[in-house]
Amino acid sequence: MARFDRYILSQLMMLFGFFALVLVAIYWINSAVRLFDQLIADGQSAAVFLEYTALTLPNVIRQILPMAVFAAAVYVTNRLSSESELVVMQATGFSPWRLARPVLWFGLITALMMSMLTHLLVPMSHAEIERRDQEISQNVTARMLTEGTFLHPAAGITFYIRAIDADGTLHDVFLSDRRDSEEVQTFSAARAYLVNANEDPELPADPKLVMIDGLAQSLTLATNRLYTTHFQDFAYDLGALIDTSGAVRYGLRDLSTFELLLTPEEAALRTRSTPGRAIEEGNDRIAQALLCLVAALIGFSALQIGSFSRFGVWRQIIFAILLLVVVKFVEGNVTDTVRRDGTLWPLLYLPSATGMVISILLLWWAGRARRPRRPRGDTGLGAAA
């Protein structure tokens, strides 16, 4: 690699790392706040929150990678142009095609990074998140044993415990079940215990809430009648609120690319999806890597057109952003089409092809605009004289 290429590539990689770090921090904080509220509300510890945060980072990086590539290409090109470094290289005979070579290397490197994320790290992290979700859903203690807080372990369920003793005794328990649209059930007890009715450790857990010395209220909404029953002990089945089957339900994002592309029917059956969505997911992982290359080339080539201006190249920057929006618009349209008909999967590469064609045309136009034009009426001998 020539010294000039190494210099430009080092500038691109440095700015790419900066923009990627900033964007990852912004996206991560946004997702971490929602994740924190969800996990802490379910009674999970800070260690579980940190684990989930680490598992979500590959997907966050995947989302911001094309934007960081585009921002680095635009920023470096703008700075080299404003500091006249590109002007010097053009004066030595470097064409726009030659200047784009380090940008092409930059796009290939970031495309390789994206491929590692989409084909390896993101599916592995998604699968691990699904497995940890299943473990947490089976952990009755973590979800239910939180004192002094109104919990909602399932839709229509409200659970409250005033205090918990060291031996596991629950004091002043309140449970409201509003899942039935015609009847509302409310249970309150002075004491309660969480027990596992299934003593076999190899079988799924069968959690029960045994309430002692309490009151059961049933409100029939149709007649607006309230029925109350005092009980000495009552067992409430928690299995309907917590998934204890032990089976991990994987989605398309959790499967490998080979499985999605080679056996889309089996992948769709396993994830309760359609073969078209499986094919779209597999090919989209490849297309996302190509979009990194397209983002780099568009960010560079769009700034090569136009004449010098004292106000900078902000018009070319806006033009580059609009071109990237056009590529994303094409991507959104072809994705819905492939999901409906999996046989049209080659359309997923249309956005990348569109971006490559746009970049080639811009570089051709930039090279054509810089060719010296011969004045009208001059002949070859006149020009030589």
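Each value, and the rule that gives it
- Residues numbered from 1 in each chain as written.
- Predicted model: local features only at pLDDT ≥ 70, side-chain atom pairs only at ≥ 80, totals over all residues.
- Heavy atoms only, no water.
- Axes fitted to C-alpha atoms, helices over the stretch in contact; angles between N-to-C directions.
- Helix = DSSP H or I, 4+ residues; strand = E, 2+ residues; numbered from the N terminus.
- Parallel < 35°, antiparallel > 145°, perpendicular 65-115°, else oblique.
- Left-handed = near helix turned anticlockwise from the far one by under 90°.
- Contact = heavy atoms within 4.5 Å.
- Nonpolar A, V, L, I, M, F, W, Y, C, P; charged D, E, K, R; others polar.
- Bend = angle between axes of the 7 residues up to and from the residue.
- Pairing = 2+ DSSP bridges.
- Patch = residues over 30% accessible without salt bridge, like charges linked within 9 Å, V, L, I, M, F, W, Y side chains within 5 Å.
- Areas by Shrake-Rupley, 256 points an atom, 1.4 Å probe, with all protein chains shown as cover.
- Salt bridge = Lys/Arg side-chain N within 4 Å of Asp/Glu carboxyl O.
- Buried < 20%, exposed > 50% of the residue type's maximum accessible area, 1.4 Å probe, protein only.
- Arc of directions from axis to C-beta.
- Core = buried A, V, L, I, M, F, W, Y, C linked by side-chain atoms within 4.5 Å.

For any two helices packed against each other, one specifies the crossing angle of their axes together with the interaxial distance. Contact pair helix α2 (residues 46–82) / helix α10 (residues 314–340): the axes reach a minimum separation of 11 Å and the direction vectors enclose 160°. On the basis of the axis angle, α2 is roughly antiparallel to α10. Here the hand of the crossing between α2 and α10 comes out right-handed. Of α10, the residues touching α2 (which contributes Phe70, Val74 and Asn78) are Ile317, Ala320, Ile321 and Leu324. Its residues placed into classes, the contact of α2 with α10 shows six nonpolar, one polar and no charged.

Bringing α2 into the picture now. Considering bend angle alone, the principal kink of α2 is centred on isoleucine 64 and spans about 40°; proline proline 66 follows within four residues of it. Serine 84 sits one or two positions beyond α2 and adopts a positive phi of about 65°.

What follows concerns the sheet that holds strand β1 (residues 157–164). An order of β1-β2-β3-β4-β5 is seen for the five strands of this open sheet, with the pairing classed as antiparallel. Looking at the sheet topology across the chains shown, the edges are occupied by β1 and β5 (225–237). Along the sheet, successive strands turn relative to each other by an average axial angle of 15°, direction set aside. The pairing of strand β4 (residues 207–220) with β5 spans twelve bridges and is antiparallel. Bridging across to β5, threonine 220 finds its partner in arginine 225.

Further remarks concern a nonpolar patch on the surface. Together, Phe18, Val22, Ile26, Tyr27 and Met67 make up a nonpolar patch on the protein surface, roughly 440 Å² of accessible area in all. It is helix α1 (residues 3–41) that provides the largest number of residues to the nonpolar patch, a total of four residues. Residue placement: valine 22 occurs in helix α1. Valine 22 sits in the partly exposed class, given a relative accessible area of 35%.

What helix α8 (residues 264–271) keeps buried is the set Pro264, Ala267, Ala268 and Thr271. Taken around the axis of α8, the buried residues stretch over an arc of 100°, which confines them to a single face. Projecting away from the buried face of α8 at angles above 90 degrees are the exposed residues Glu265, Glu266 and Leu269. Looking one or two residues beyond α8, the residue adopting positive phi is arginine 272, at roughly 60°.

Now for the packing of helix α9 (residues 275–301) against α10. Running from N to C, α9 and α10 point in directions that differ by 170°, and their axes come no closer than 11 Å. One way to sum up the angle between α9 and α10 is to call them roughly antiparallel. Two secondary-structure elements touch here, α9 through Gly276, Arg277, Glu280, Asp284, Leu291, Ala295 and Ile298 and α10 through Ala320, Leu323, Leu324, Val327, Lys328, Glu331, Thr335, Val338 and Arg339. Split into classes, the residues belonging to the contact of α9 with α10 amount to eight nonpolar, two polar and six charged.

With that settled, the discussion passes to the nonpolar core. In terms of nonpolar packing, the biggest core is built from 49 residues, with Phe16 and Phe106 touching the most fellow members. Every element with two or more residues in this core is listed here: α1, α2, α3 (85–91), α5 (101–138), α9, α10 and α11 (350–369). Look past the residues within four positions of phenylalanine 106 in its chain and what remains in contact with it is Leu9, Leu12, Met13, Phe16, Val69, Ala72 and Ala296. Ile161, Phe187, Ala216 and Tyr236 belong to the second largest nonpolar core, which has 15 residues in total.

Let us look at the pairing of β1. Bridge analysis of β1 against strand β2 (residues 170–177) gives seven bridges, and the strand direction is antiparallel. By the bridge assignment for β2, isoleucine 161 is matched with valine 173. Following β1, the chain reverses through five residues before pairing antiparallel with β2; glycine 168 in that reversal takes a positive phi of roughly 95°.

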